[in-house]
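Now for the letters of each chain:
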Amino acid sequence: MDAVEAWSMIVSKLKENQMEFPTVPKTKKIPVWFLASTTGDIIYIDKAIHHQPSSQISTPRKLNYKVFKNIYPLYLRRENGDSISKEASAITVNQVYYFSLIKHLCNI
């Protein structure tokens, strides 16, 4: 699956459907939950409503394909055991949300 297919799958599953997901840390850190929704080509991230512990983001975040296409290959490398945190952080501070959505909605 390439980045376009993965993004389309995520957006399709979130369309008209708010869903909550846990983050997927690779360390012993406790996952935090967040709410994801979409109105089209943008994915909105906010604090979880129904699950704890919830993300403590102060304002909703917007995720887009332009960033996703650069994060997706890093996610694949991360799943293969590569340490990519510095590379991902250089692209976006929202990498944990991208990684979680890929993990939970792309069936990789």
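### Some remarks on the pattern of salt bridges
Part 1: If you walk through the whole model with that rule in mind, you get 4 salt bridges.
Part 2: In this structure, Lys26 and Glu79 form a salt bridge, with 3.2 Å as the shortest nitrogen-oxygen distance. Pair noted here: Lys26 is in the loop between strand S1 (19-22) and strand S2 (33-38) and Glu79 is in helix H2 (residues 65-79), with a separation of 53 residues, a long-range link.
Part 3: Residue classification places Glu79 among the partly exposed residues on the basis of a relative accessible area of 33%.
Part 4: A salt bridge links Asp82 to Arg77; its shortest N-O distance comes to 3.3 Å.
Part 5: Asp82 sits in the partly exposed class, given a relative accessible area of 37%.

### Concerning the sheet that holds strand S3 (residues 43-47)
Strands pair in a sheet through their backbones, by hydrogen bonds, and they do so in one of two ways: parallel or antiparallel.
Part 1: Spatially, S1-S2-S3-S4 is the arrangement adopted by the 4 strands of the open sheet, whose pairing is antiparallel. Of all the strands in the sheet, the pair left with one neighbour each is S1 and strand S4 (61-63). Ignoring strand direction, the axes of neighbouring strands in this sheet form an average angle of 35°.
Part 2: Alignment of S2 against S3, held across 5 bridges, turns out to be antiparallel. Within the sheet, the bridge partner assigned to Ser37 lies in S3 and is Tyr44.
Part 3: Most of the contacts of helix H4 (residues 95-105) go to S1, to which it runs at about 105°, and overall it touches S1, S2, S3 and S4.

How each quantity is defined
Residues numbered from 1 in each chain as written. Predicted model: local features only at pLDDT ≥ 70, side-chain atom pairs only at ≥ 80, totals over all residues. Heavy atoms only, no water. Salt bridge = Lys/Arg side-chain N within 4 Å of Asp/Glu carboxyl O. Helix = DSSP H or I, 4+ residues; strand = E, 2+ residues; numbered from the N terminus. Buried < 20%, exposed > 50% of the residue type's maximum accessible area, 1.4 Å probe, protein only. Pairing = 2+ DSSP bridges. Axes fitted to C-alpha atoms, helices over the stretch in contact; angles between N-to-C directions. Contact = heavy atoms within 4.5 Å.

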